12 protein chains.
Amino acid sequence: MSDHTYKLTELVGSSPDGVESAVNNALARASKSIRNMRWFEVKEVRGHIDEGQVAHWQVTIKVGFTLED
Amino acid sequence: MSDHTYKLTELVGSSPDGVESAVNNALARASKSIRNMRWFEVKEVRGHIDEGQVAHWQVTIKVGFTLED
Amino acid sequence: MSDHTYKLTELVGSSPDGVESAVNNALARASKSIRNMRWFEVKEVRGHIDEGQVAHWQVTIKVGFTLED
Amino acid sequence: MSDHTYKLTELVGSSPDGVESAVNNALARASKSIRNMRWFEVKEVRGHIDEGQVAHWQVTIKVGFTLED
Amino acid sequence: MSDHTYKLTELVGSSPDGVESAVNNALARASKSIRNMRWFEVKEVRGHIDEGQVAHWQVTIKVGFTLED
Amino acid sequence: MSDHTYKLTELVGSSPDGVESAVNNALARASKSIRNMRWFEVKEVRGHIDEGQVAHWQVTIKVGFTLED
Amino acid sequence: MSDHTYKLTELVGSSPDGVESAVNNALARASKSIRNMRWFEVKEVRGHIDEGQVAHWQVTIKVGFTLED
Amino acid sequence: MSDHTYKLTELVGSSPDGVESAVNNALARASKSIRNMRWFEVKEVRGHIDEGQVAHWQVTIKVGFTLED
Amino acid sequence: MSDHTYKLTELVGSSPDGVESAVNNALARASKSIRNMRWFEVKEVRGHIDEGQVAHWQVTIKVGFTLED
Amino acid sequence: MSDHTYKLTELVGSSPDGVESAVNNALARASKSIRNMRWFEVKEVRGHIDEGQVAHWQVTIKVGFTLED
Amino acid sequence: MSDHTYKLTELVGSSPDGVESAVNNALARASKSIRNMRWFEVKEVRGHIDEGQVAHWQVTIKVGFTLED
Amino acid sequence: MSDHTYKLTELVGSSPDGVESAVNNALARASKSIRNMRWFEVKEVRGHIDEGQVAHWQVTIKVGFTLED
């Protein structure tokens, strides 16, 4: 593994259900165009409020994926 | 929307259930006195421990709301 | 309580289920050797990705416990 | 001046014109309800984009004002 | 305690004597209008200089207080 | 809007005129290849100096755009 | 001195009297089990409030000590 | 250019007109005593308020200049 | 140079040999698909440990490259 | 005051007595060569430990002084 | 791997030779008492100067190791 | 040592060879005008890229030196 180069990309996923769901939504969408995603870090958790309730969560993640040779 | 002024207020919500629930508890309490809450950011996630388990979560959020003209 | 000294230790808990579960797993493991854990702060939320899904969450927490006299 | 206590409040001002204008809009709106505003710090500069142009700037400021005795 | 919601407010206290005195001055002034203050964090320590000596200390604190039901 | 996924990209725009102009130059150039840009955040403001004057401003922004389904 | 390895440990000391006293209380307690403490950095200053006064200060320090060969 | 050493100095420039003007004022004043200024970074934007308007902007910059051999 | 727009991309390079080698490995791999790379900043230095030795270094860099007109 | 340019310089003052004393020692020493010092910010508080006690405090401050015309 | 709990410990390693050597010295010393060290992050790079040269490097690392069941 | 005052100055050293060499180049140049340099901290590591290779490293350091009485 020591010779790999990884690229990081930053995504914002949304969900009405919570943090975990927003991250999975972002990964599901990103996996359509990015292969070999390996890890992520949560950078920011925000959300929109509607009538005093969380309408949807927005979670910013940084995703690392392997650049193939 | 470009002429609005927003104010930010910082709250700490608590819940024995988790991050999402602590945020919703803070918003429910704040909506008694603040109208027009629009978005929030999570600033800190902490909690108290009792007998080796999370007793309750404490989530600090910054909430933005519209100042009416 | 004003005369107590606390020590902080940093742990990374893992879980396939989400943030709350990863924190509880870390506390359950740590409580085997640390007594008097009182509070925690979440410092980082990361995770591993397998086939475009979160395989497991990794949550870094700082835990404070009382140093007994 | 050494005995004064100040309070800080955080505001987001908006303007289609730029950073300075967004700050002045926030101060103009806030001065309707806050007296004795003394200084501000810019905490964040963001904006919305419409058709590849900045539609409006959003500047978050922290404002300090004197609490009167 | 797990169901409480707290609000955070940011204050700057001043004193010619030092950090502890500036914090206590801010709390004494704030307690005229805020009830149920529970904890504070020091965010910034600054001061004014006159003739090569500290003329007064200015300490910014974030104060948490309970929102009553 | 709650089901959208956004991607963030980081750009540095330049201008001899100032911060606002540097941001608009970056957006104008980026809009040739990125559709659906929605918001930006200013991350860094720097510049080059020539003969004791600002020769040009360099503003780093993070731009969010919608990933279409 | 160039071949030494140091370990850092994080402590929270408390005192009703102020920052310096809270640090010394933490060091006095820690010196019961840690030898060769060499330096510290203050990471956080917080406190509890009782009836509008600081009840006790809580100062988080990181302490470096020599690992003996 | 690879063998140069640069020194950084930190300045605060002021202007009633805005961010760009405050930076240029600082550079104009500094160029009286510093030669070979090459680049700057904006570190902080603050200002004073008078009667609900920005009275003057204060911009802190870090300036890099070449140390001549 | 004042009219250029740059894009930043984040990469993680690996090497058993050290920081400089990990950065050069990342640049060599990235130069297969990115032209006109101009500068980089080191954002994070990490590594994997095997039998009490550094097995390989992982260095995260942000790379700036010119967007051609 | 709006046309002044200030310069910032960073100092570390030491004292066996505490934070306030270390800051005043630094200012007293600096006032031998710097005129017109106006304000300071505390950037870091550290110290050396001898036999389980604070031997001396080291406080890093940033000092602003007026550049005369 | 998803069920493991890791503990983080912070070390400062020293070497007259450079960053890589200081990290390896810290790991070699730590491996006498810690088993199962898995990864590290560099948190700070400092050093002592003697006669205008680096006398030794001091590198602070955070090391993660597996807590065995 | 407890009564000394130190001053910090920020330098950027360059080298085609790597981090250690860039720091030593900065110190060698600075020692022509600054006496009694005692320690440094690395604040930033950057570099220029030429044809997909690091052309030279640029390391920003903060250097502490004793102000003589």
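Predicted model only: the values in this text are computed from it and were never measured.

Helix and strand content of chain A: one helix and three strands. Shown N-terminal to C-terminal, the secondary structure of chain A runs as helices and strands in the order β-α-β-β. Computed over its C-alpha atoms, the radius of gyration of chain A comes to 14 Å, more than 25% above the 11 Å expected for a compact globule of 69 residues. Referenced to the eigenvectors of the C-alpha coordinate spread, the extents of chain A come out at roughly 50 × 20 × 15 Å. The buried share among the 69 residues of chain A stands at 62%. Sequence separation of at least 24 residues holds for 62% of the intrachain contacts in chain A that already meet a minimum separation of 6. Total accessible area on chain A is roughly 2,900 Å²; 40% of this is exposed by carbon and sulfur atoms. Here chain A contributes 8 positively and 10 negatively charged side chains, and the mean placements of these two sets differ by 7 Å.

Helix length check: helix α1 (residues 19-30) of chain B, at 12 residues, gives a terminal C-alpha distance of 17 Å against a target of 16 Å (1.5 Å per residue), a fit within 8%. Regarding α1(B), the residues found buried are Val19(B), Glu20(B), Ala22(B), Val23(B), Ala26(B), Leu27(B), Arg29(B) and Ala30(B).

Let us look at the arrangement of the chains. Structurally, chain A and chain J remain out of contact, their C-alpha atoms never closer than 25 Å. The two units chain D and chain L are non-contacting; their minimal C-alpha-C-alpha distance is 22 Å.

With the rule as written, the count across this model stands at 60 salt bridges over all chains. Taking the shortest distance from any N to any O, the salt bridge between Arg46(A) and Glu44(A) comes out at 4.0 Å. Here Arg46(A) falls in the buried class, since its relative accessible area comes to 13%. Across the salt bridge formed by Glu41(D) and Arg46(H), the nearest N and O atoms sit 4.0 Å from each other. Here the residue Glu41(D) occupies a position in strand β2 (residues 37-50), and Arg46(H) occupies one in strand β2 (residues 37-50), the pair thus bridging two chains. In this pair, the class of Glu41(D) matches that of Arg46(H), namely buried. Counted as one network, the salt bridges with shared partners bring together Glu41(A), Lys43(A), Glu44(C) and Arg46(C).

Let us now look at the interface of chain E and chain J. Every contact between the two is made by 13 residues of chain E and, on the other side, 13 residues of chain J. Around 1,100 Å² of area is buried between chain E and chain J when both sides are counted, 60% of it from carbon and sulfur atoms. In terms of surface lost to chain J, no three residues of chain E exceed Arg46(E), Ile49(E) and Trp57(E), which account for 45% of the buried area on that side. The tally of links between chain E and chain J comes to one salt bridge. Our count for the chain E to chain J interface comes out at five residue pairs in polar contact (both at pLDDT 80 or more). Put simply, the parts of the chain that give the side of chain E that touches chain J at least two residues each are α1 (19-30), β2 (37-50) and β3 (53-67) of chain E. A total of five residues in the side of chain E that touches chain J trace back to one element, the largest contributor, which is β2(E). For the side of chain E that touches chain J, the class distribution of residues is five nonpolar, five polar and three charged. Pairing analysis gives three bridges linking β2(E) to strand β2 (residues 37-50) of chain J, with the strands arranged antiparallel. By the bridge assignment for β2(J), His48(E) is matched with Trp39(J).

In this section: the environment of Leu8(H). In this fold, Leu8(H) is placed in strand β1 (residues 5-15). Discounting chain neighbours no more than four positions away, the residues touching Leu8(H) are Trp39(H), Lys62(H), Val63(H), Gly64(H), Glu10(L), Val12(L) and Thr60(L).

With relative accessibility at 10%, the residue Glu41(G) sits in the buried group. Among residues more than four places away in sequence, those in contact with Glu41(G) are Thr60(G), Ile61(G), Lys62(G), Val45(J) and Arg46(J).

Time to look at the pairing of strand β3 (residues 53-67) of chain J. All names here are of chain J. Among the 15 residues in β3, 13 count as buried, and that is most of the element. In terms of strand pairing, β2 meets β3 through 12 bridges, oriented antiparallel. Note on β3: the bridge partner recorded for Phe 40 is Val 63. Counted along the chain from β2 to the antiparallel partner β3, the turn is two residues long, and its residue Glu 51 has a positive phi close to 50 degrees.

Here the focus is the relation of the copies chain A and chain B. Take chain A, turn it by 120 degrees, move it 0.0 Å along the axis, and it overlays chain B with an RMSD of 0.0 Å. The symmetry that links the two subunits is that of a three-fold axis. Residue Val19(A) of chain A places its C-alpha closer to the rotation axis than any other residue of that unit, at 4.9 Å. Of the interface residues in chain A, just 8% have counterparts in chain B that sit at the interface too, so the contact is made through distinct surfaces.

At the junction of the two partners, chain A supplies 13 residues and chain B supplies 13 residues. Together, the buried faces of chain A and chain B total about 1,100 Å²; carbon and sulfur atoms form 59% of this surface. On the chain A side of the contact with chain B, Arg46(A), Ile49(A) and Trp57(A) bury the most area, a combined 45% of that side's loss. Along the contact surface separating chain A from chain B lie one salt bridge. The tally of links from chain A across to chain B stands at five residue pairs in polar contact (both at pLDDT 80 or more). Where the side of chain A that touches chain B is concerned, the elements lending two or more residues are α1 (19-30), β2 (37-50) and β3 (53-67) of chain A. In terms of residue count, the dominant contributor to the side of chain A that touches chain B is β2(A) (five residues). In terms of residue class, the side of chain A that touches chain B is made up of five nonpolar, five polar and three charged.

The backbone phi angle of Asn36(G) is positive, close to 65 degrees, even though this residue is not glycine. Looking at where Asn36(G) falls in the secondary structure, it is placed in the loop between α1 (19-30) and β2 (37-50).

What follows is about the relation of the copies chain E and chain J. The two copies are related by a screw operation: chain E maps onto chain J through 120 degrees of rotation and 0.0 Å of translation along the axis, at an RMSD of 0.0 Å. Mapped onto chain J, only 8% of the interface residues of chain E are again interface residues, and the two copies thus contact each other with different surfaces.

The next thing to look at is the environment of Ser31(B). With respect to the helices, strands and loops of the structure, Ser31(B) is situated in the loop between α1 and β2 (37-50). If near-sequence neighbours (up to four positions away) are discounted, Ser31(B) is found in contact with Gly52(A) and Met37(B). A distance of 2.8 Å separates a polar atom in the side chain of Ser31(B) from the backbone oxygen of Ala28(B).

Residue and element names in this part refer to chain A. All chains considered together, the criterion is met by 24 aromatic pairs over all chains. Between Tyr 6 and Trp 39, the aromatic rings sit 5.3 Å apart at their centres with planes inclined by 75 degrees, giving edge-to-face as the arrangement. You can see Tyr 6 sitting in strand β1 (residues 5-15) and its partner Trp 39 sitting in strand β2, a full 33 residues away along the chain. An identical accessibility class is assigned to Tyr 6 and Trp 39; each is buried.

On average, residues of chain A carry a pLDDT of 94, and 97% of them reach 70 or more. Both scores are given for the predicted complex: the pTM is 0.96, the ipTM 0.96.

Within a regular strand, side chains alternate between the sheet's two faces. In this structure, strand β1 (residues 5-15) of chain L lies alongside strand β3 (residues 53-67) of chain L, joined through 11 bridges in antiparallel fashion. For Thr9(L), the partnering residue across the bridge sits in β3(L) and is Val63(L).

Procedures and definitions
Residues numbered from 1 in each chain as written. Chains lettered and ligands numbered in written order. Predicted model: local features only at pLDDT ≥ 70, side-chain atom pairs only at ≥ 80, totals over all residues. Heavy atoms only, no water. Helix = DSSP H or I, 4+ residues; strand = E, 2+ residues; numbered from the N terminus. Rg over C-alpha atoms; globule rule 2.2 N^0.38 Å. Buried < 20%, exposed > 50% of the residue type's maximum accessible area, 1.4 Å probe, protein only. Contact = heavy atoms within 4.5 Å. Areas by Shrake-Rupley, 256 points an atom, 1.4 Å probe, with all protein chains shown as cover. Lys, Arg positive; Asp, Glu negative; His and termini not counted. Charge placed at Lys NZ, Arg CZ, Asp CG, Glu CD. Expected span 1.5 Å × (residues − 1). Salt bridge = Lys/Arg side-chain N within 4 Å of Asp/Glu carboxyl O. Buried area = accessible area lost by both parts, 1.4 Å probe. Polar contact = N/O pair within 3.5 Å; in protein donor to acceptor, adjacent residues only side chain to side chain. Nonpolar A, V, L, I, M, F, W, Y, C, P; charged D, E, K, R; others polar. Pairing = 2+ DSSP bridges. Least-squares fit on C-alpha atoms with pLDDT ≥ 70 in both. Phe/Tyr/Trp six-rings, centres within 6.5 Å; stacked < 30°, edge-to-face > 60°. pLDDT = per-residue confidence, 0-100.

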